[in-house]
Each structure stands twice: as C-alpha cells, then as structure tokens.
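If you want the building blocks of each chain, they are given just below.
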Amino acid sequence: MFIEKLKEAVRKILPEVDVVIGYRQGFDPLHATPYFLDKPEQVDQLIWNPLCVQNLCSYIPFLKGKVGVIVKGCDSRAIVQYMQEKLITRENIKVIGVPCLRVISVKKVMAAINQQTVQEVTFEGDNIIVKIPEGPKTIPSADVAPRKCATCQLATPLQYDVLAGEAIQSNKPQDTFEETKEFEKLSLEERRAYWEKEFDRCIRCYACRNACPMCICQDKCIAESRDPHWTSQRANVTEKAMFHMIHGLHLAGRCISCEECERVCPMDIPVAKIKKKISMDLKELFGYEAGMNPDDTPPMYTFKVEEATIEEHEI
Amino acid sequence: MADTGFLPKENLPALLEALSKKFAVFAPVLDGEVVLFKRFAPGATLCLTRPANLPPKGIIFPQSETLFNFNFKKDPEDPKKTSLELKENLDFVPTIIFGSRPCDAQGFRIYDRVYLETDTADPYYKGRREKTTIITLACNAPSPGCFCTSVGRGPAESDGSDLMMTELGKGYFFEPMTEKGKEIFKDSLFEDGSAYKEQAQKAHERVSALVKKPFAILEGTPEKLLSLFENSQFWEGETAKCISCGACTYLCPTCYCFNITDEQVGNSGERIRSWDACMFFHFTLEASSHNPRQNKHQRLKNRVGHKFSYYPKKYQGVIACCGCGRCIRYCPMSVDISEIVAHAQGA
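Residues numbered from 1 in each chain as written. Chains lettered and ligands numbered in written order. Predicted model: local features only at pLDDT ≥ 70, side-chain atom pairs only at ≥ 80, totals over all residues.

**Considerations on the overall build of chain B**
Step number 1: For chain B, the count of helices and strands is 12 helices and 12 strands.
Step number 2: Here the C-alpha radius of gyration of chain B, 22 Å, is about what a compact globule of 347 residues would show, namely 20 Å.
Step number 3: Within chain B, buried positions represent 45% of all 347 residues.
Step number 4: Taking the intrachain contacts of chain B between residues at least 6 apart in sequence as the baseline, contacts between residues at least 24 apart amount to 70%. (Helix = DSSP H or I, 4+ residues; strand = E, 2+ residues; numbered from the N terminus. Rg over C-alpha atoms; globule rule 2.2 N^0.38 Å. Buried ≥ 20, exposed ≤ 12 C-beta atoms within 10 Å, placed from the backbone. Contact = placed C-beta atoms within 7 Å.)

**Observations concerning the overall build of chain A**
Step number 1: Helix and strand content of chain A: 9 helices and 8 strands.
Step number 2: The C-alpha radius of gyration of chain A comes to 20 Å, within 12% of the 20 Å expected for a compact globule of 315 residues.
Step number 3: Considered along the principal axes of its C-alpha atoms, chain A spans approximately 65 × 50 × 40 Å.
Step number 4: Expressed as a percentage of its 315 residues, the buried residues of chain A come to 41%.
Step number 5: Contacts in chain A between residues at least 24 apart in sequence constitute 66% of all its contacts with a sequence separation of at least 6.

**What about the domain arrangement of chain B?**
Residue and element names in this part refer to chain B.
Step number 1: Taken domain by domain, chain B consists of domain 1 (1–67 + 90–213) and domain 2 (214–347).
Step number 2: Taking only C-alpha atoms, the centre of domain 1 and the centre of domain 2 are 26 Å apart.
Step number 3: Elements that contribute at least two residues to the side of domain 1 that touches domain 2 include exactly strand E4 (64–74) and helix H3 (102–115).
Step number 4: Per-element tally for the side of domain 1 that touches domain 2: the top contributor is H3, with 8 residues. (Domains from an automatic or database assignment.)

**What about the nonpolar core?**
Step number 1: Judged by nonpolar contacts, the single largest core of 161 residues is most densely connected at A:Val69, A:Val71 and A:Ile96.
Step number 2: For this core, the element with the highest residue contribution is H3(B), accounting for 6 residues. (Core = buried A, V, L, I, M, F, W, Y, C linked by C-beta atoms within 7 Å.)

**Details of the sheet that holds strand E12 (residues 268–275) of chain B**
All names here are of chain B.
Step number 1: Sheet architecture is open: 4 strands sit in the order E5-E4-E12-E11, paired in antiparallel fashion. Looking at which strands have only one partner, the edges of the open sheet turn out to be strand E5 (82–88) and strand E11 (258–265). Sheet twist, expressed as the average angle between the axes of neighbouring strands with direction ignored, equals 20°.
Step number 2: Alignment of E4 against E5, held across 7 bridges, turns out to be antiparallel. (Pairing = 2+ DSSP bridges. Axes fitted to C-alpha atoms, helices over the stretch in contact; angles between N-to-C directions.)

**Let's talk about unusual backbone geometry**
With the exception of glycine, most residues fall at negative phi, and the peptide bonds are largely trans.
Residues and elements named next belong to chain A.
Step number 1: Looking along the chain, the bond that leaves Asp227 and enters Pro228 is cis, with omega of 10°.
Step number 2: Looking at the element boundaries, Pro228 is found in the loop between helix H6 (207–211) and helix H7 (237–250).
Step number 3: Although it is not a glycine, Tyr206 adopts a positive phi angle of roughly 65°.
Step number 4: Its place among the elements puts Tyr206 in the loop between helix H5 (188–200) and H6.

**Brief notes about the domain arrangement of chain A**
All names here are of chain A.
Step number 1: Looking at chain A, the domain boundaries give domain 1 (1–103 + 151–174), domain 2 (104–144) and domain 3 (175–307).
Step number 2: Counting from both sides, the interface comprises 10 residues of domain 1 and, opposite them, 8 residues of domain 2.
Step number 3: Tallied by class, residues from the side of domain 1 that touches domain 2 come to 6 nonpolar, 2 polar and 2 charged. (Nonpolar A, V, L, I, M, F, W, Y, C, P; charged D, E, K, R; others polar.)

**Considerations on the confidence of the model for chain B**
Detailed reading of the predicted coordinates is not advisable wherever pLDDT falls low.
Step number 1: Per-residue pLDDT for chain B averages 95, and the proportion of residues at 70 or more is 100%.
Step number 2: For this predicted complex, the interface score ipTM comes out at 0.95, alongside a pTM of 0.95. (pLDDT = per-residue confidence, 0-100.)

**Quick word on the pairing of strand E1 (residues 5–8) of chain B**
Within a regular beta strand, the side chains point alternately toward one face of the sheet and then the other, so they alternate between its two faces.
All names here are of chain B.
Step number 1: Where E1 meets strand E9 (residues 171–176), 4 bridges bridge the pair, whose relative direction is antiparallel. Looking at the pairing, Phe6 lines up with Phe173 of E9.
Step number 2: Pairing geometry for E1 and strand E10 (residues 191–192), over 2 bridges, is antiparallel. For Gly5, the partnering residue across the bridge sits in E10 and is Asp192.

So, in structure tokens, the structure goes:
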C-alpha cells in the first residue's frame, strides 16, 4: 500500500524537522484537509488519495524552523520558485515527494452529484465512486480532474529529499494553451462581458490570494492598502476586476500554475484563466516557465537590453 | 382565511411575479454552479434544492454601501471659508427575501441584537430590516458540513422568518409567523393548508434527525473558550492550516463586522461602509502600526470566540452561529469550526 510507504517516509523525516505537513481526512469523505504533525503517534492519521488537493508548499515561507512537507509534482514548482526568489532556505525544508498522475476536483465531483451530502468515497481503477443518499455513483476520474492535470508533465516532483514510492513518467500531452487561444478569439467586448459576469460574483474574500503559494505580500496587499490607494472598498465589478488583474500581473513569470486560486474560490470564478494567459505570454515572449529550474531568474526580475524573442519596435 | 396555506409548485413563479409588483423580490438563482440571491425576474432559474452559496445577508447588510455623500463648498467671496454639504442615503424599498434557509433567517436575529435592540439603532440596517419580509424554506436534507441542531437550532426553525414554507411532494406548505408574513399570505394563490400541517411536521422531524451532531451540548462552552484564551499552543494547533482569508466570514450569515472608508475626488466624495473580516491582518491594525492580532491563530480564535463565547456572554447565552456549515463547506483548507469547538470542549 502506498500510504504505508508515505507514512514510513514521514516517520523517517519527523525526527529531523519541527513539523511535517501532510493530509488527513476532513469533515466529510470528499474533503482532505492539511495536517500539521510533530509526534510519531500522529503519523497514522495521514491519508493519501486523489482528493489530497491543497498545495501544502504555500505554508512554508511563513513557517519558522525545519519543515517537512508532502509535495506533488505540480506543487513542487512552488519549491523551485521559492528557491529562485530566495523565499526559503532549501536546507530547512525536507520535501517528501509523492508521484501523482491526477488529482480530483472536489467542485467537479460536487457538480456531478448535484451538491448532495457524500456518505462514502472509494477509488477503483480510474474511477471515483461517491456514495450519496440515492446510492453509489461511479465517475471517471479524468472527468472530474482539474484542468491542470490534463497536461501535467510532472508526475514525479522536481524537488524531493525522499520519494514515497517509485518515480514515474507523465503520460499526458504538453500544454498547448488551446483553451486560452480559443478564448482570445472572442472580441474584446465579448471577453469584457465574460469577465464582468464572472467577477460580479467576487466577494473579495481573498481566498485566491491567500491560497496562492506565490502571493507573498499577503498582509501588505494593495487590495486593502489605503496608501497606495489602488482600490477602494466598493463592491463593484471595477474594483473586483482591478484586484484580479493586479493579482495576475504580480504573478507574471512567477505563477507556477498550481491553480489553487481557482480551486479555493467559493464563488466558482475561473480566476486561473487569467494566470494561464499570462503564463502563455511569458512562455512566448521569454521562453520561460516559472518554477522549473532553481537557477533561473524570473524574467520580470531581470533586464536585458535585447530580448531574444521580442522584436524591437521601430522608432 | 385559513392559518396555513398550500401552493402547488407550478404556481410558484406566479406568486413571485405577483409579489414582484409590490416588492423588490430576491430569490436564490442558479449562476453556473453557484446559487446566489438575485433580484427575481420572470424566467429566472430558481434553485431551491440547496442553500445558496452566499446567504442573503447582503440584501439587508450590503457588502458595500454609501452611507452619505459629502461635498466641501468654497465660499467664492472668501476661499478660506468652506462649508460642508451632506446627503444622506436612507431610501429603502419594500423587499422580500424569498427562499432563505432557517439558518440564513436566524442570522438576521443575531444582527438585530447588535444593530436594532440597542439605544443607538443603526439607521441603515434598521431601514432595510423593517422593510424586508423573509420567506424561509425549511431544509429537506442536510448540506455538507452543516450542524444547526447542535447550536440550538434546526432545519425548520422559524425564528427570524416571517413566513415558513415546507416542500411537500407537489407543492409547498406555508405558515405565517409574523404580521408581515400574514400580509404576504393574503395572496389568493394559496389553497387551504390545514390538511398538510401534520405532514410538514413529520418532514421537519425526519430532516432534523439527519443533521450532523459534532457536539452534544454547548453548556459551559463560552466559559471553556475563555479559559483557553491565553493558550496559544491550543490555538496555533487548531489554526495551523488556516490561510487567514475572508471566505468563512463573508459567507457567514452571522458575521456582521464592517469597515468605514471615505472615497474622495476633489472636494466631494462618499463615505462607504463595507464588510470586513476579523480574519484579515488589517482588521485590528492600529494607526501606530501595532497590531494586537498579529498572528492568524489570534484571528481565528476571535472568530470562534465571538460566536461561541463573547456574543453568548453578552446576549443571554445566544450562540452567534446558526450551523449553516458554509465556513466548513467552502473553506479552502477545510477548516471545521465545529471541530475546533469540540476540541475546545475537550481541552
């Protein structure tokens, strides 16, 4: 059983660190919840399944001492990006890598079962079986996976000190940003109407910001600042759009595409679409992907007189 | 006229259309996968099968509202002299909240003690509250994470509602609870409901038994939480996974804290009141830059403490949590307030 390998890895790491961050069962069978443990007897509460969705790396820059953390491939880009931006001391972090081919979106499962109460969840092959009051419902995992999983290249984390299980290769095609390119074909008015409708639901709870592993300003965010005064506290779509655009632009060349922002939104706003567009542009303009190589410098952190892939404007 | 009524499901749009002629009617409407209270318009996709993602609190206590507009006027004869013009914003329209859940409606009862039942009632809250009629739909199934029966409430609790409705097969059973509710009930679309009363009662009992019970009793909980106030180890442990966002607070039907800011351009502007959340660092940030709640565990401790200790201590033991479960259901990290309370009881 994989969970035994994971527990063994955690037991091994535990004496070397102050805390290990993993997952345990949350309030119902569909929800996993982050679990901070520092005692060997707590290890048995750990779980591992495709519903372990949270990016646990997001906690690391704010923790003191030595930290062990369970990391999936997608999440491992956060560790790399932290290293680039010198937000962590790598020696203080013990990365317990887990191979992963796909996680499952709780929101998509809830939509598939019409938001009913879940009594039991089991996994069989490539299916998730969810027991609801009217009986068990079998759903193919691929149908309820977050969109990032469809093009995941990181089945094995980029960084790890211990790997629970064997390293595996990705079995997914490369991301070609098809969805973004399709969306860009819409007229400016259509895109504006789309975002006005989506942002209208925003309640400015800042879950997207606080769950973002790269939103490191946190308490100093311009969304709440009076000085500088970029946004007001009015609850209109202009202010909401302003916040989301700033969130996106602050992540240019830094967003590691974990899509936590979108996963956590209680209003189901597809905010990761904005970051995806910016990631696509960064790839085209600078040939750069965030969080892939610890020795890289994010393009917005540096300046070259002539960029290899950008044509100079005629003066 | 009968004391109770029955309305076949197919007549529901007609009722809402009739009410829309006299009131601004807000009803739960499906927007993608999200249910939100929106101004009812004929043809809207009503969603009564589950509680709205966001409670209807914003209809009476808006996320952001202009309290008044101001304008500094310079005296053309003597530019050093300025006078101030204020324009109050106290026009409120008769409103109906249709299809709230019992927990949503009781949220307003929590607000009432703070904003109405004091010697300085809040004119904005009071204005909207008095003009609003609340028609509540009893729950016919628990929702993920909800626990209303553990906080002294229930899926058919009528406190805070003007008119109660219960889904029974082909229609809805209606029971007015207040004078405001009786006014609505006068509508001729209702049939006599007396034959359905017992059936409704049975439905209420059935659902009540299905609701999760994270703790058996609340007695002693306010005192217990106070005794843990200085125990930062307990709170750090309980809140380690919290990311200190405002989702729980803004989705909560009983959270009522606000911020006030002035937005001024040139000589004129407006004073805005907007929702605020004790989960935010800025909530307690003082002008000196000192922050008494520097850390997230202090902030979540406040949220739990306010609902289960400070508020009941101040208001005759009333728990300021209706158990709607939204803070659990939609928490990015699945923080569970009922679990924290249970842990505190056992600590």
